Amino acid sequence: MTILVTGARGNVGRRVLDRLHAAGHDLRASARTPDDLTVPAGVDAVELDLGRPETFDTALKGVDSAFLYAEPAAARDLFAAVARAGVRHVVLLSSATVSGPAAGTDPLALHHAAVEDALAASAVPGTVLRPGAFAGNALGWSRAIAAGQPVRIPFPDAHTAPVHEDDIADVAAVALGDRSYAGRTLTFSGPRSLTFRQQLAVIGALLGRDVAVHELTRDQAVEEMGRFMPPPVLASLLDQWSAAVDRPAEVHDVKAVTGRPARTFEQWAREHLDAFAARN
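Predicted, not measured: the structure shown is a model, and the values here were computed from it.

1. Some details on the packing of helix α1 (residues 11-22) against helix α6 (residues 165-177)
So, step 1. One can describe the packing of α1 onto α6 by two numbers: an axis separation of 8 Å at closest approach and a directional angle of 50°. The pairing of α1 with α6 is recorded here as oblique in orientation. Considering only the axes of α1 and α6, their crossing is right-handed. Across from Asn11, Val12, Arg15, Val16, Arg19 and Leu20 in α1, the residues of α6 making contact are Glu165, Asp166, Ile168, Ala169, Asp170, Ala172, Ala173 and Leu176.
So, step 2. Here the contact of α1 with α6 is built from residues that sort into 8 nonpolar, 1 polar and 5 charged.

Here's what the structure looks like:
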């Protein structure tokens, strides 16, 4: 009863792998470059590139369940390979943007929806996970905070309900171990809606100092953030943040699935505080 975990080097994939390993499951971990994977003892590491169909069949051979990231490039080929391999359950990491107000035009939503549609069309039993904004996105502020500089962001009063990556992994592990979740879509978030300004205040309080905010105009954000982010993704984020100013995010707790309350943003920030601490 082998479970395949794709993206096993990632923040979520590695956490899913560790949970399933601790529970005693027979596991296979995949990455585009499996030689770079460090996996627990007894776990096979294989090549699987979700954009290259020629890597699918070997990676899926003998797999009973699979944890998959959303990659639309070859999604229909992927689920055809999943069906050929006799995989009995897929847990797909999607995004809450798919059910958002701009889902029909939002590039991030369309990216994930394309994979959800391919899964639905394949008739492979699946569970779709739609987490909200990751708490780990805050690491994008770490360099400025560690340097004692203002954090330059657009729409600092936009709300999200940041979800801890450990909660995402917990939900995925439960879904992979319980086939009663097949056919369901699970939308979940962190336990509280917070603006970016409030999230920065949480980090500052833990550091024992104020974190200054420099609000960017949209044009300034396009210029600065566009240096390291594809234009469609950046436009999607800016649209989401603009619409979320002074509008609390919906909260969907994970407790119904995991049996425990969602981890707070403060807990996430405390666990990652070294990333924000001043460099000596």
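2. Quick notes on the sheet that holds strand β4 (residues 63-69)
So, step 1. As summarised here, the arrangement of the 7 strands in space is β3-β2-β1-β4-β5-β6-β9, forming an open sheet in which the pairing is parallel. If you trace the sheet from one side to the other, it starts and ends with β3 (44-47) and β9 (185-188), each paired once. Adjacent strand axes in the sheet meet at a mean angle of 20°, parallel and antiparallel pairs treated alike.
So, step 2. Two elements, strand β1 (residues 2-5) and β4, share 4 bridges in a ladder whose sense is parallel. When the bridges of β4 are listed, Leu4 appears paired with Ala66.

3. Overview of helix α9 (residues 231-243)
So, step 1. For α9, spanning 13 residues, the distance from its first C-alpha to its last is 18 Å, which sits close to the expected 18 Å at 1.5 Å a residue.
So, step 2. Those residues of α9 lying buried are Leu234, Ser236, Leu237, Leu238 and Trp241.
So, step 3. The elements touched by buried residues of α9 are α4 (107-122), β7 (151-154), α7 (196-207) and α8 (218-225).

4. Topic: the pattern of salt bridges
So, step 1. Following the criterion strictly, the structure yields 19 salt bridges and no others.
So, step 2. The shortest N-O distance in the salt bridge between Arg130 and Glu116 comes to 2.6 Å. Here Glu116 lies in helix α4 and Arg130 lies in strand β6 (residues 126-131), a separation of 14 residues in the sequence.
So, step 3. With a shortest N-O distance of 2.6 Å, Arg263 and Asp167 are connected by a salt bridge.

5. Points about the side chain of Ser65
So, step 1. Tracing the backbone shows Ser65 in strand β4.
So, step 2. Ser65 gets classed as buried once you look at its relative accessible area, which sits at 2%.
So, step 3. Polar side-chain contacts of Ser65 include one of 3.4 Å to the side chain of Asp64.
So, step 4. With residues up to four places along the chain from it excluded, the contact list for Ser65 reads Thr2, Ile3, Leu4, Val87, His89, Leu176 and Arg179.

6. Re the packing of aromatic side chains
So, step 1. Throughout the structure, instances matching the rule amount to 5 aromatic pairs.
So, step 2. For the pair Trp141 and Phe196, a centre-to-centre distance of 6.0 Å together with 80° between the ring planes defines the contact as edge-to-face. Placement of Trp141 in the loop between β6 and α5 (142-146) and of Phe196 in helix α7 is noted, with a sequence separation of 55 residues between them.
So, step 3. On the basis of relative accessible area, Trp141 is assigned to the buried category, the value being 10%.
So, step 4. Taken together, a centroid distance of 6.2 Å and an interplanar angle of 70° make the contact between Trp268 and Phe276 edge-to-face.
So, step 5. Note on Trp268: relative accessible area 0%, which makes it buried.
So, step 6. Ring pairs connect the aromatic residues Trp141, Phe196 and Trp241, which therefore count as one cluster.

What counts, and at which threshold
Residues numbered from 1 in each chain as written. Predicted model: local features only at pLDDT ≥ 70, side-chain atom pairs only at ≥ 80, totals over all residues. Heavy atoms only, no water. Axes fitted to C-alpha atoms, helices over the stretch in contact; angles between N-to-C directions. Helix = DSSP H or I, 4+ residues; strand = E, 2+ residues; numbered from the N terminus. Parallel < 35°, antiparallel > 145°, perpendicular 65-115°, else oblique. Left-handed = near helix turned anticlockwise from the far one by under 90°. Contact = heavy atoms within 4.5 Å. Nonpolar A, V, L, I, M, F, W, Y, C, P; charged D, E, K, R; others polar. Pairing = 2+ DSSP bridges. Expected span 1.5 Å × (residues − 1). Buried < 20%, exposed > 50% of the residue type's maximum accessible area, 1.4 Å probe, protein only. Salt bridge = Lys/Arg side-chain N within 4 Å of Asp/Glu carboxyl O. Polar contact = N/O pair within 3.5 Å; in protein donor to acceptor, adjacent residues only side chain to side chain. Phe/Tyr/Trp six-rings, centres within 6.5 Å; stacked < 30°, edge-to-face > 60°.

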